[in-house]
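Next come the chains, spelled out residue by residue.
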Amino acid sequence: MSVDKQTVQKIASLSRIAITDAEADALVPELNNILGWVEQLGEVDCKDVEPMTAVIPNKLRLREDAVTDGDMRDKILKNAPAAEHGFFGVPKVIE
Amino acid sequence: MTESTYRIQGATGEWEVVIGLEVHAQVTSNAKLFSGASTEFGAEPNTQVSLVDAAMPGMLPVPNKECVRQAVRTGLAINAQINKYSRFDRKNYFYADLPQGYQISQLYHPIVGEGEVQISLDEKDPDAHGKAIGIERIHIEQDAGKLMHDQHPTMSYVDLNRCGVALMEIVSRPDMTSPKEAGAYVKKLRSILRYVGSCDGNMEQGSMRADVNVSVRKPGEELGIRTETKNVNSVRFVQQVIEYEAQRQVDVLESGGEIVQETRLFDPDKGETRSMRSKEDAHDYRYFPDPDLLPLELEDDFIFDCKASLPELPDEKRARYKNVLGLSAYNAAVLTAEHETALWFEKLLDTSNEPEKIASSAANWMTSELFGALNKMGLTITESPVTPEQAAELLGLVADGTISGKIAKQVFEIMLETGDGAAKIVEEKGLKQESDTGAIEKVIAEVMQANADKVEEYRGGKDKLFGFFVGQTMKAMQGKANPQVVNELLKKTLDN
Amino acid sequence: MSNISDLGIAGIRDGLTGGDFTAREVAETFIGRVSAAKPLNAFLVETPDHALAAADVADKAIAAGETLGKMVGVPIGMKDLFCTEGVETTAASGILEGFTPQYESTVSANLFKAGAGMLGKLNMDQFAMGSSNETSAFGNVISPWRRNDGGNTDLAPGGSSGGSAAVVSGRIAPAATGTDTGGSIRQPAAFVGITGFKPTYGRCSRWGTIAFASSLDQAGPMAQDVRDCAIMLEAMAGFDPKDSTSLELPVPDWEAALNSNLAGKKIGIPKEYRVDNMPAEIDALWEQGIAWLKDAGATIVDVSLPHTKYALPAYYIIAPAEASSNLARYDGVRYGSRDLPDGAGLQDMYAATREAGFGAEVKRRIMIGTYVLSAGYYDAYYTQAQKVRTLISQDFEKAWNSCDLLLTPTAPSAAFGLGEKADDPLAMYLNDVFTVPSSLAGLPAMSVPTGLDGQGLPLGLQIIGKALDEQNVFNAGLALEERAGFVAKPEQWW
Ligand SMILES: [Mg+2]
Ligand SMILES: [Zn+2]
């Protein structure tokens, strides 16, 4: 499997990274180089092998249902590029 | 359900509709699914947001046990398979209401597998017209935040209070074939969730909302391409969406067009659906197991405790009301549709040592008198000004002949107004029923005297006048005479 | 008494408790070293006040005869991946420029609770993606080391914990925090001749540490020697209920149990680590390491880890996949930089912000990660890589049937010059060939400096242990350290 320019543009768009035409051109061989290399994994016979889920045996803990957090709007908004009236601001969205 | 087969009449013939619903139900919990922030509705913007909810760098999710428990209880309530091994996956997409850039959900291994919900189109006798709607799965996921578009000329505002609240997504099989069935399904599901206590079912506040999947086909043909109309938040709207979408799809197909598999939005003002501004990559969510969370493994004990904590569910209750308490199918259905109603009814029965004896009259009284009154006042059963204990007192007075059914209505009205007990009202207003034959005979004698001509006519064979004498006697006694005694005495006197 | 600036953690502790100097003197010494070290570009933010405040607390505690924390009076460098309350934290990325966390990461909080002060936030590869510290948005860190050829080529300190490596080897800080996803503690430690330790996955909380690849990221100490690493890791590690992958286990007293007598221990030598083109000096050092461990009483056995060659490609699927998702939150909405071109909508703002804010390597990895997770490719790439990861993990499990620890080189070469590999991502990725397999298996591993190559540059050997068996890793490391007698340090040219 190798990627073409259109695929690179699609990946960039999915990743929300704006790229120019020239950047897309440059990325095609770069990504293909890496993808071609990782594809050697296809050689490995993985029949009956489970994909890794927990690298060190460990159990998912569940916490109690108590309100222990929140009520810190100032901290939440402190670093926001745009915040007004207690909200984050983003360019107007049309749904 | 044969009598209700729903068909769209098109120019090229009949079309049938295939409907599946994905219901998002907010799990009843104090804190969010992966953070300790509150879930309470209606707080100031961004005050119920933790660092985790705002997806600050380095923040990590820790799951809330109660949300897991409620999902398992819900699964058990619809006889579904509980998966002792489930996982959380990330669904990746970019939107301003989704701070992490992904929603934590369960795609590959949901916590609840196959189950079913029994619905009926006949409220009077649900058993006669039942249908099972298959449930494919229930999974747990995070809710998103909220965007406000009308507060600023060039900006949308983001409030993350809802962000991270636990949802159960309940996915049905495409087993419904009419708007009515879909409506019945949503109502039944809502009822079950409220019985279980896993969701408050409040559709106006958005704690329950449906994604409506609709396709059409000629009877017997393959499934058509479906559209998904998102976040529909009332039973009526669900039905409107189906009617509109089915007709629209038939029109498109019959004019030679094709249905696009897409996400649509419902406009309640116009009663129409419209395509959402589609993004070409909208459905490449790049799901993968969330590496911040280990697999969720449930112990048998945990599932057992979930099961033990379930209340009697609506269908079991309805059967018991019918078979053990002897209620009519209709009363049993009406009294079990909402958990609160059933609880109210059972509280009333609890006042008696022999609940079976009063069950039918209590059920009749509730479905007529009480519901009528509450309806007029715009109150729900939990807001009823009359308590089950007070109602029991009232019905007891009727049962032991202290007051007549007619007087009982009058007493009930006074109870609603004043909050006083039935016995007190009867006592104070002197509404006690007169059963003393002497007093009644005296009045009968007066009535016969005042209407000597009618007595003649009656005795001459005009039987129909009997009712007239009953009425006159009752009227003279201000309705307080025991009607049975009045009947007996009148018969005796007149027929002599 | 030796120079304060030459002391490590244990040396400072002993000097403080012995009354040789005060914590304030220690802090001032290192603060002076920090401000003199600007040419190395190792610090992104300097926080002398933090170090001094901690020193004053330490001096008071010592004077009052209180029980002292493990890190009392030790001023450390903090990798900029750890969120520090009120101190700008950027992960060396433009996209987080100006971000001031309103919270303290668990690891930094643990260290401060143990009495450490902070000299500043250390430069690194952007979002910990890199092996040479050349991907920082704020310039390269320059290694304190120079080749012995009389030239002045700037060398890479390794990465991603390049700033940490530079300051510890340059005696600018007695110790520093690092994080290791595929080798980011061990490889830079080897490049600059210090000791770096990556604990078992789950020993150190990840809460408040900016995520690169969640299933791999682990914090660990970078210090002058094995003992210092043991002390510092004891302070950093511990169960944290805020991290679902944190291990609910007590922290052992590793320092107290240090013991370089390896009698009865079996050391495995994995044959697959004898890669093509390995410099003869590294091969020779490895042989020397084997001899040293034998001398310490260990038995040497040959073992096989058959899937080793697939570790790196599996890693370069799994880590970018996780990163592509972990880095989705950098969108210009709640913190960090925002790029809003005229008339841009929300999605355009995302694309512009991320284009401007992320460096080239970060973008490359996000795109690779996005691709391997996308519809139609997920199973072929991601699922296959996670299956291979299972096999790699099983390789280690099998090896433990015949040995207790593994000995390997840490990196396939000594430090290279800045810019020498920057144009070839694949060549750069190969730096982690020896460190990645144990990362994929979540195992504890450390790099110990054991010699210099012909250019006068440090080389390290790696010890890999069983899960949770940090103690034996430390012990074998100590055995190497004692026998190697590595005392070289860079000459101060800056
Ligand atoms: Mg949906
Ligand atoms: Zn959903």
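Residues numbered from 1 in each chain as written. Chains lettered and ligands numbered in written order. Predicted model: local features only at pLDDT ≥ 70, side-chain atom pairs only at ≥ 80, totals over all residues. Heavy atoms only, no water.

The name an unreviewed UniProt entry gives chain C is Glutamyl-tRNA(Gln) amidotransferase subunit A, with Parasphingorhabdus marina DSM 22363 as the organism. One UniProt comment on chain C, placed under Sequence similarities (unreviewed entry), says "Belongs to the amidase family. GatA subfamily." (UniProt positions renumbered as here; feature names shortened; annotations may be inferred.)

Within an unreviewed UniProt entry, the label attached to chain B reads Aspartyl/glutamyl-tRNA(Asn/Gln) amidotransferase subunit B, and the organism entered is Parasphingorhabdus marina DSM 22363. As recorded by UniProt, the Sequence similarities (unreviewed entry) comment attached to chain B reads in full: "Belongs to the GatB/GatE family. GatB subfamily." UniProt annotates chain B under Subunit (unreviewed entry) with the comment "Heterotrimer of A, B and C subunits."

**Student:** Give a detailed account of the state of the cysteines, specifying residues and quantitative values.
**Tutor:** Residues and elements named next belong to chain B. Scanning the model with the defined rule gives zero disulfides over all chains in all. Left unpaired, Cys-163 is separated from the closest cysteine sulfur, that of Cys-67, by 14 Å. Here Cys-163 falls in the buried class, since its relative accessible area comes to 7%. Looking at the unpaired Cys-199, the closest cysteine sulfur is the one in Cys-67, lying at 12 Å. Given the relative accessible area of 2%, Cys-199 is considered buried. (Disulfide = S-S within 2.5 Å. Buried < 20%, exposed > 50% of the residue type's maximum accessible area, 1.4 Å probe, protein only.)

**Student:** Break down the interface of chain A and chain C for me, citing the residues and quoting the values.
**Tutor:** Each partner contributes residues to the interface: chain A has 50 residues there, and chain C has 69 residues. Counting each side, the surface lost to burial between chain A and chain C is near 5,000 Å², with a carbon and sulfur contribution of 70%. When the buried surface of chain A facing chain C is broken down by residue, Trp-37, Leu-41 and Arg-61 of chain A rank first, second and third, together holding 14% of it. Counting the contacts that link chain A with chain C gives two salt bridges. (Contact = heavy atoms within 4.5 Å. Buried area = accessible area lost by both parts, 1.4 Å probe. Salt bridge = Lys/Arg side-chain N within 4 Å of Asp/Glu carboxyl O.)

**Student:** Which residues make up the domain arrangement of chain B, and what values do they have?
**Tutor:** All names here are of chain B. Split into domains, chain B comes out as domain 1 (3-305), domain 2 (310-429) and domain 3 (437-494). Between the C-alpha centres of domain 1 and domain 2 there is a distance of 36 Å. Each partner contributes to the interface: domain 1 provides 16 residues, whereas domain 2 provides 18 residues. Summed over both partners, the interface of domain 1 with domain 2 comes to about 1,400 Å²; 53% of that surface belongs to carbon and sulfur atoms. Three residues, Lys-124, Arg-194 and Tyr-195, lead the burial of domain 1 against domain 2; their summed loss comes to 45% of the area buried on that side. One can count six salt bridges joining domain 1 with domain 2. (Domains from an automatic or database assignment.)

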